[in-house]
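Commentary on secondary and tertiary structure
These are the residues of each chain, in order.
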2 protein chains.
Amino acid sequence: MLSKKTKYGLKALTYIAKSDSDAPVQVGEIAKSEKIPQKFLESILLTLRKSGFLGSKKGKHGGYYLIKETSEIKMTDVLRVLEGPIAMVPCVSLNFYEKCDDCLDEHECSVHKLMIQVRDNTLKVLRDNTLEDLAG
Amino acid sequence: MLSKKTKYGLKALTYIAKSDSDAPVQVGEIAKSEKIPQKFLESILLTLRKSGFLGSKKGKHGGYYLIKETSEIKMTDVLRVLEGPIAMVPCVSLNFYEKCDDCLDEHECSVHKLMIQVRDNTLKVLRDNTLEDLAG
DNA sequence: TGTAATCCCTAGTAAGTTGATAGGATTAAT
DNA sequence: ATTAATCCTATCAACTTACTAGGGATTACA
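Quick caveat, the model's predicted, so the values are computed rather than measured. (Residues numbered from 1 in each chain as written. Chains lettered and ligands numbered in written order. Predicted model: local features only at pLDDT ≥ 70, side-chain atom pairs only at ≥ 80, totals over all residues. Heavy atoms only, no water.)

Re the overall build of chain A
A tally of regular secondary structure across chain A gives 6 helices and 2 strands. Starting at the N terminus, the α and β elements of chain A follow one another as α-α-α-β-β-α-α-α. Across its three principal axes, chain A shows a C-alpha extent of roughly 60 × 25 × 25 Å. Relative to its 136 residues, chain A shows a buried fraction of 47%. A separation of at least 24 residues holds for 58% of the contacts in chain A among residues at least 6 apart in sequence. When the accessible surface of chain A is split by element, carbon and sulfur atoms take 49% of a total near 7100 Å². Across chain A, the 21 positively charged side chains and the 19 negatively charged ones have centroids separated by 8 Å. (Helix = DSSP H or I, 4+ residues; strand = E, 2+ residues; numbered from the N terminus. Buried < 20%, exposed > 50% of the residue type's maximum accessible area, 1.4 Å probe, protein only. Contact = heavy atoms within 4.5 Å. Areas by Shrake-Rupley, 256 points an atom, 1.4 Å probe, with all protein chains shown as cover. Lys, Arg positive; Asp, Glu negative; His and termini not counted. Charge placed at Lys NZ, Arg CZ, Asp CG, Glu CD.)

Written as structure tokens, this is what we have:
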């Protein structure tokens, strides 16, 4: 299941991407429009800023803005920051790999075989979709 | 993330599918061989029996056995029983659909659009893979 | 008929995660 | 100065997960 955090984060990014004005977009505005608890959204946007997706401006008339082209923000990258691993088991994760305790040889594990396929297909979708696609 | 429950369930099904003897396979044997806590595995196999994947024989020399051809046991079906919805958000789930609180029109939701694609690709993999593929 | 082996069933529980909320510090425009 | 915004830390209730405990019911076999 996708966490609310990720869902809210994606919606907020989409909202910012769609705003055509040059002015930074305020958390309060996004929260109200997308029905997201404001304080929760604050922490999410902070994460997105710290991981290089957003820039921010403090103080009055402050807010958040994109610092990359929408076409350069891949869903794989966003998901990994907000949700963590994309793979369904750590032993098939590219970025968060961990060995299983119970498998002697993971190449003989039926679950491993299956989850590799799921991962590859999911990755393909998430790599092909950028924020441009979400906002478009 | 795939739960241990599902992972253990899949491993157990694979183990049973691979056992060539006609005799039912015992929980203790699977647990030992696959390094799964026995009591936990008991409850998982019980679930699989109640949902029609396994039959069981009680008493001495009892155990579990498949009641369908391995080629007829689709991963979608197993996953739905052990893990629940395959979709990452309820609003794109075929079998566990729920409307989002925060979306007025889900066809305009960027997350919805993306997750439909993920779901379709995952479903394809899970439908194409049967227990025969896992055990083979 | 007794006993050991096996599945069946219900309850409980510690640890971790999620989805927030609270309260304020800091910064910038007016 | 005042106001409006981001920034930061701490806290917390509810839920989920991954078990564990304790036994009941059933069957094979001596």
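Here the narrative resumes.
Focus: the protein's contact with DNA strand C
Neighbouring residues of DNA strand C: 29 residues in total, closest Lys-39 of chain A together with Glu-42, Arg-49, Ser-56 and Tyr-64 of chain B. Sugar and phosphate atoms form 73% of the subset of DNA strand C atoms that lie within 4 Å of the protein. Here a phosphate oxygen of DNA strand C and a side-chain polar atom of Ser-56 of chain B are 2.5 Å apart. Contacts to DNA strand C include Tyr-64 of chain B, whose side-chain N or O atom sits 2.3 Å from a phosphate oxygen. Of all elements in the fold, only helix H1 (4-18) and helix H3 (38-50) of chain A together with helix H3 (38-50), strand E1 (54-57) and strand E2 (63-66) of chain B reach the threshold of two or more residues within the surface near DNA strand C. Looking at the surface near DNA strand C, the element that brings in the most residues is H3 of chain B, giving 5 residues. (Near = heavy atom within 4 Å. Polar contact = N/O pair within 3.5 Å; in protein donor to acceptor, adjacent residues only side chain to side chain.)

With respect to helix H4 (residues 75-82) of chain A
All names here are of chain A. In terms of residue burial, H4 counts as a mostly covered element, since 6 of its 8 residues are buried. Along H4, the residues classified as buried are Met-75, Thr-76, Val-78, Leu-79, Arg-80 and Leu-82. Two residues or fewer after H4 comes Gly-84, characterised by a positive phi angle close to 100 degrees.

Section: the protein's contact with DNA strand D
Taken together, 26 residues surround DNA strand D, and among them Glu-42, Arg-49, Ser-56 and Tyr-64 of chain A together with Lys-39 of chain B come closest. Counting only the atoms of DNA strand D that lie within 4 Å of the protein, the sugar and phosphate share comes to 70%. With respect to DNA strand D, the side chain of Gln-26 of chain A contributes an N or O atom lying 3.2 Å from a phosphate oxygen. Sorting the residues of the surface near DNA strand D by element identifies H3, strand E1 (54-57) and strand E2 (63-66) of chain A together with helix H1 (4-18) and H3 of chain B as the ones contributing at least two each. With 5 residues, the single largest contributor to the surface near DNA strand D is H3 of chain A.

Regarding the relation of the copies chain B and chain A
Look at the two chain copies: a rotation about an axis and a shift along it is all it takes to match them. It takes a turn of 180 degrees to lay chain B on chain A, together with a shift of 0.0 Å along the axis; the resulting RMSD is 0.0 Å. Here the copies are linked by what is in effect a two-fold axis. Nearest to the rotation axis, the C-alpha of Asn-121 of chain B is located 3.0 Å from it, this being the minimum over chain B. When the interface residues of chain B are mapped onto chain A, 100% of them are again interface residues, pointing to one common binding face. (Least-squares fit on C-alpha atoms with pLDDT ≥ 70 in both.)

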